[in-house]
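Results of the structural survey
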Amino acid sequence: PGDQKRTKIEYDDLPQILVDAVTATEDARFFEHSGIDLRRIGGAVIANFTNGFGSEGASTITQQVVEKSFLSPEKKISLKVQEQWLALKLERKYSKEEILEMYLNKIFYGSNAYGVARAADVYFGKKELSELTLPEAAILAGLPPRPTAYNPFKNPELTKKRMNTVLTLMVRHNKITQEEADEARKVDIPSLL
């Protein structure tokens, strides 16, 4: 049933700015790790002890693909281990590009939009991902964790805060300059929609 609300994209359709926004936000070492990110798991374990289990996900993009495709949504430790094992298997079978493609085609962006191509069209009226601007790419990268809360039609000020977080992460991971981030921050969210 979700087919009419989904537009499938290939990795080659993805502009670098979107790849950078998504990886900086979701999984900064995506192109380096083997499916699980041990450094990140360590940080999440500490956060979960301090703030309760589930407070910080150590899931890589690969694990999120596994989670959305093969696992039930309960957050159990046993599932995490299974998820990690499947993530390692997925990485041996598919390239990073294919995995990112699966992720961006599958994810929910709010407003009935499944997949990044559909979301770009729904929010910005853009049929071609190559036309996305930095603020737009940052908004799309920021939507998946809380697509309803960050919906730019309903909560432009929350969208703006989330976009700023994504831009900060992109600067931190050397994907854009501070100047580019500052320029993108000037954007008026409703004018993009």
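In case you missed it, the structure is sitting above this.
Residues numbered from 1 in each chain as written. Predicted model: local features only at pLDDT ≥ 70, side-chain atom pairs only at ≥ 80, totals over all residues. Heavy atoms only, no water.

One can find E91 in helix α4 (residues 77-93). Taking the C-alpha atoms as reference, E91 lies 5.8 Å from G35; in sequence the two are 56 residues apart. A polar contact is formed between the side chain of E91 and the side chain of K96, at a distance of 2.8 Å. (Helix = DSSP H or I, 4+ residues; strand = E, 2+ residues; numbered from the N terminus. Polar contact = N/O pair within 3.5 Å; in protein donor to acceptor, adjacent residues only side chain to side chain.)

Further remarks concern the nonpolar core. Ranked by internal contacts, the top residues of the largest apolar core, which has 53 residues, are L14, L100, L104, Y109, V116 and L140. In contact with L140, other than residues within four places in its own chain, are L18, Y109, V116, A119, A120, Y123, F124 and L132. (Core = buried A, V, L, I, M, F, W, Y, C linked by side-chain atoms within 4.5 Å. Buried < 20%, exposed > 50% of the residue type's maximum accessible area, 1.4 Å probe, protein only. Contact = heavy atoms within 4.5 Å.)

This part covers the side chain of T23. Tracing the backbone through its elements, the reader meets T23 in helix α1 (residues 16-26). Classification of T23 as buried rests on a relative accessible area of 2%. Side-chain polar atoms of T23 contact the backbone oxygen of D20, separated by 3.4 Å. With sequence-adjacent residues up to four places away left out, T23 is seen in contact with A28, F30, F31, I61 and K175.

Tracing the sequence through the fold places R162 in helix α8 (residues 156-172). The side chain of R162 sits in the buried core without any salt bridge; E26 is the nearest counter-charge, 4.6 Å away. (Lys, Arg positive; Asp, Glu negative; His and termini not counted. Salt bridge = Lys/Arg side-chain N within 4 Å of Asp/Glu carboxyl O.)

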